Amino acid sequence: QQPVQSPQAVILREGEDAVINCSSSKALYSVHWYRQKHGEAPIFLMILLKGGEQKGHDKISASFNEKKQQSSLYLTASQLSYSGTYFCGTENTDKLIFGTGTRLQVFP
Amino acid sequence: DTAVSQTPKYLVTQMGNDKSIKCEQNLGHDTMYWYKQDSKKFLKIMFSYNNKELIINETVPNRFSPKSPDKAHLNLHINSLELGDSAVYFCASSLQRQGKLFFGSGTQLSVL
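Since the model is a prediction, treat every value here as computed from it, not as a measurement.

All names here are of chain A. For the structure on display, the rule yields 10 aromatic pairs over all chains. With centroids separated by 5.6 Å and ring planes inclined at 75°, the aromatic side chains of Tyr34 and Phe44 adopt a geometry described as edge-to-face. Taken together, the positions of Tyr34 in strand β4 (residues 30-36) and Phe44 in strand β5 (residues 42-49) put the pair 10 residues apart, joining distant regions of the chain. For Tyr34, a relative accessible area of 0% corresponds to the buried category. Ring plane angle 80° and centroid distance 6.3 Å describe the contact between Phe87 and Phe98, whose orientation is recorded as edge-to-face.

Shown next as C-alpha cells:
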C-alpha cells in the first residue's frame, strides 16, 4: 500500500527542471509532499486535495489526478537548495503513508 | 523556539536494554505521531495520538510502548532492544488528523 515514487533518483545541474511522480494503488483523497535534507527532518512542501488542483510554492508546483491515483511534483529552474529526498504522502484512514522517496541532487 | 523537540538526538545502546525517547511540541497541536525511518530511508508510521488517545497502532512489536501524558508530549519506550530496532525515530505533530506534519529533528538509535 506504500505509494511508489519515480524516479528513485535524479541528478540535475542548476537551472534544470525535474518531475517526480507518485502513484498509489488506492483511491487518493489528498497528497502531501515533503523534502528531507540529509541528516535532517522532513519539511512540509504542500498538500493537494481532491479536485485535480495544482498548487505552487516558489518554483515548485504539484498536480493531483485522483482518477489516475497519481500526483506529480514539478521543480523548475532547480537550485542547489533543492537537493534532498522528496516524499509524497497519501492519506489512508487516519494516517499518512509515505512514498518510497526520490533522491534529488543538484550540482552547480 | 523549537516547534517539535525530541531527545536524545543520538542513542547508542546494547541489545536487550530498555530506552526511552521523549517528544514535546509547543505548537498547540492535538495530534502527535511516531515515525520510523529505516536504513533505506522509508518512513513508516508507528503510532498516533489525538488528544492523548491512541488512534493509530501499526503492527509494531509490543516491546514498543508510546505514552502521551498530555497533548503536548508523546514519549516512546522500547523494551529489550534488538539489532533491527536501529533506525531514526521521528516524532511529529499536526493540528488535525492528516494535517500538515511538523517533524522533530529525529533520534538516531543504534543497537549494538
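Residues and elements named next belong to chain A. Counted under the stated rule, the structure contains two disulfides over all chains. Two residues share a disulfide in this structure: Cys22 and Cys88, whose sulfurs sit 2.1 Å from each other. As the torsion about the S-S bond is roughly 70°, the Cys22-Cys88 disulfide counts as right-handed. Taken as a pair, Cys22 in strand β3 (residues 18-23) and Cys88 in strand β9 (residues 84-92) lie far apart in primary sequence, 66 residues in all. Neither Cys22 nor Cys88 differs from the other in exposure class; each is buried.

Now for the pattern of salt bridges. Across all of its chains, the model carries three salt bridges over all chains by this definition. Between Lys95 of chain A and Glu58 of chain B there is a salt bridge, with the nearest N and O atoms lying 2.6 Å from each other. Of this pair, Lys95 of chain A sits in strand β10 (residues 95-98) while Glu58 of chain B sits in the loop between β6 (53-57) and β7 (64-70), on two different chains. For Glu58 of chain B, a relative accessible area of 23% puts it in the partly exposed group. Through salt bridges with shared partners, a single network forms among Arg63, Glu82 and Asp85 of chain B.

Now for the interface of chain B and chain A. With 18 residues of chain B at the contact, the number on the chain A side is 18 residues. Both faces combined, the contact of chain B with chain A buries some 1,600 Å², and carbon together with sulfur accounts for 58% of it. Between the two partners, chain B and chain A, sit one salt bridge. For the interface between chain B and chain A, the tally reads four residue pairs in polar contact (both at pLDDT 80 or more). When contributions to the side of chain B that touches chain A are tallied by element, the ones reaching two or more residues are β4 (31-37) and β5 (43-50) of chain B.

Across a sheet, paired strands are connected by hydrogen bonds in the backbone, their directions being either parallel or antiparallel. All names here are of chain B. In space, the four strands of this open sheet follow the order β1-β3-β8-β7, with antiparallel pairing throughout. The two strands at the open ends of the sheet, each matched to only one other strand, are β1 (4-7) and β7. Each adjacent strand pair in this sheet contributes to an overall mean axis angle of 15°, direction not counted. Two strands pair when backbone bridges link them, and β1 and strand β3 (residues 19-25) are joined in this way by four bridges, in the antiparallel orientation. Within β3, the position partnered with Ser5 by the bridge is Glu24.

Residue and element names in this part refer to chain B. When you line up the elements, Ser48 lands in strand β5. Note on Ser48: relative accessible area 0%, which makes it buried. Looking at Ser48, its side chain comes within polar contact range of the main-chain oxygen of Met32, at 3.5 Å. Apart from the residues within four sequence positions on either side, Ser48 is in contact with Thr31, Met32, Tyr33, Glu53, Leu54, Ile55 and Ile56.

All names here are of chain B. In strand β11 (residues 107-111), alternate side chains face the same way, and those of Thr107, Leu109 and Val111 are buried while those of Gln108 and Ser110 on the opposite face are not. Pairing analysis gives three bridges linking strand β9 (residues 87-94) to β11, with the strands arranged antiparallel. Within the sheet, the bridge partner assigned to Val88 lies in β11 and is Gln108.

Residues and elements named next belong to chain B. Relative to the assigned elements, His29 resides in the loop between β3 and β4. Take His29: its relative accessible area is 7%, and that puts it in the buried class. For His29, the contacting residues outside a window of four places in its chain are Lys71, Ser93, Ser94, Leu95 and Phe102.

What counts, and at which threshold
Residues numbered from 1 in each chain as written. Chains lettered and ligands numbered in written order. Predicted model: local features only at pLDDT ≥ 70, side-chain atom pairs only at ≥ 80, totals over all residues. Heavy atoms only, no water. Phe/Tyr/Trp six-rings, centres within 6.5 Å; stacked < 30°, edge-to-face > 60°. Helix = DSSP H or I, 4+ residues; strand = E, 2+ residues; numbered from the N terminus. Buried < 20%, exposed > 50% of the residue type's maximum accessible area, 1.4 Å probe, protein only. Disulfide = S-S within 2.5 Å. Salt bridge = Lys/Arg side-chain N within 4 Å of Asp/Glu carboxyl O. Contact = heavy atoms within 4.5 Å. Buried area = accessible area lost by both parts, 1.4 Å probe. Polar contact = N/O pair within 3.5 Å; in protein donor to acceptor, adjacent residues only side chain to side chain. Pairing = 2+ DSSP bridges. Axes fitted to C-alpha atoms, helices over the stretch in contact; angles between N-to-C directions.

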